[in-house]
Amino acid sequence: MIPLIGIEEEYLIVDPRTRHVSPRATDVLAATTGMTDVVHEITRFQVEARTPPSTDLSELGSQLRAVRKEVADAARACGLAIVASGIPVLGDVSSPPLTDVPRYLQSRVAYRALQDEITICALHVHVDVPDREHAVYVGNHVRCWLPTLIALAANSPFFAGRDTGYASWRVISWGRWPVAGAPPYFASYADYELAVRALDDTGALIDPKTVYWDTRPSPSLPTVEIRAADVPLDVSDSLTLIGLVRALVVTSLEAVRRGDHGLPVSSEVLRAAYWRAARDGLAGEGVDVRDGTRLPANVLAWRLLEHVRPALAEAGDLAFVQEGLDRLLRKGSGAMRQRRVHARGHDLNDVVDDLIEATVA
């Protein structure tokens, strides 16, 4: 049985004249038609779009293109634009204006200056699993491949007017939070619950939704959520990543049925692999955390495809994802595109203009 997938993509609201992020998410949401599911995010610089669950990548692609167009049209009606970038390229984003929701305001009290770089946009993929126990075991398997997904999706090299030197600054910034980024290994769902209760006792959590690890059992649905990727600039790249993620989950579920609960890779090695993937993206080497070897990022990407090839074939997605991965590796990630645009005129305004155009191309 092919599991259902649900998608969340987050977009930044920008002023096309100044190219800075604009805190007018409420205006943009008010201008949407309501035909798609678009909601507030933690800051007023962002909105989040959600797709209905589907098993079909082509249908998900149509939904993502439709929602990007609707949000872009709504923004245009307000004299604004949207961009798919992991972090703001331009604008004063320190102490960003939070959406007026009690849990977000409570997080300001708990997390303080960590909130200064909370204006981040990701791609979240929810995949159906039998139960939360399976979700934990799937997370153990998937965590080995998260650095490769980070490199493929990297789309946040510039932050608030400067080049960070990273392909995905979102991953680095987000990883500072007490319960975010690279997930731990868990022996069981009971082990996971014990850890969450202990973290809650420390004050590190506002509620169950603030378990922000890059794989987690959904607190409300029978799904595992994979949330390691920057929001891609290109919908086609989103679909390639979504196909790989679902195939990873299906491959992991098959291993779990055989009694394999995942390789207990060192959290320290995984954290280092995250750093390497976020710094170099597809332009350098990454780390295969299963054996600690350093390899070109494109080699790791093809290893991932081979790892999930049977699951892709079973879902009828093999040709689509293989072509998408080949295209992504040839043209490069969103971070590489942003840097190419910047290199032409050394002007970040040009980068934002290109992001505006490409987000709904």
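Residues numbered from 1 in each chain as written. Predicted model: local features only at pLDDT ≥ 70, side-chain atom pairs only at ≥ 80, totals over all residues. Heavy atoms only, no water.

In the annotation of an unreviewed UniProt entry, the protein is listed under the name Putative glutamate--cysteine ligase 2 and assigned to Nonomuraea wenchangensis. Per its UniProt entry, the protein bears the Sequence similarities (unreviewed entry) comment "Belongs to the glutamate--cysteine ligase type 2 family. YbdK subfamily." The heading Catalytic activity (unreviewed entry) in the UniProt record of the protein holds the text "L-cysteine + L-glutamate + ATP = gamma-L-glutamyl-L-cysteine + ADP + phosphate + H(+)". (UniProt positions renumbered as here; feature names shortened; annotations may be inferred.)

Draft legend 1. Inspection of the side chain of Thr210 at higher detail. Looking at the element boundaries, Thr210 is found in the loop between helix H7 (189-202) and strand E9 (212-213). Accessibility expressed as a relative area gives 3% for Thr210, which makes it buried. Those residues within four positions of Thr210 in sequence are excluded, and the remaining contacts are Arg103, Tyr111, Val179 and Leu205. (Helix = DSSP H or I, 4+ residues; strand = E, 2+ residues; numbered from the N terminus. Buried < 20%, exposed > 50% of the residue type's maximum accessible area, 1.4 Å probe, protein only. Contact = heavy atoms within 4.5 Å.)

Draft legend 2. Structural detail: the environment of Tyr189. Tracing the backbone shows Tyr189 in helix H7. It is 13 Å that separates the C-alpha atoms of Tyr189 and Thr223, two residues lying 34 residues apart in sequence. At a separation of 3.5 Å, a polar atom in the side chain of Tyr189 contacts the side chain of Arg132. (Polar contact = N/O pair within 3.5 Å; in protein donor to acceptor, adjacent residues only side chain to side chain.)

Draft legend 3. Spatial organisation of the pairing of strand E11 (residues 223-230). The element E11 is extensively covered by neighbouring structure, given that eight of its eight residues are classed as buried. Examined bridge by bridge, strand E5 (residues 122-128) and E11 share six bridges and lie antiparallel to one another. Considered in E11, the bridge of His126 is made with Glu225. Pairing analysis gives three bridges linking strand E10 (residues 215-217) to E11, with the strands arranged antiparallel. The residue bridging Thr215 from the neighbouring strand is Ile226, located in E11. Hairpin remark: E10 followed by E11, antiparallel, with five residues in the connecting loop. (Pairing = 2+ DSSP bridges.)

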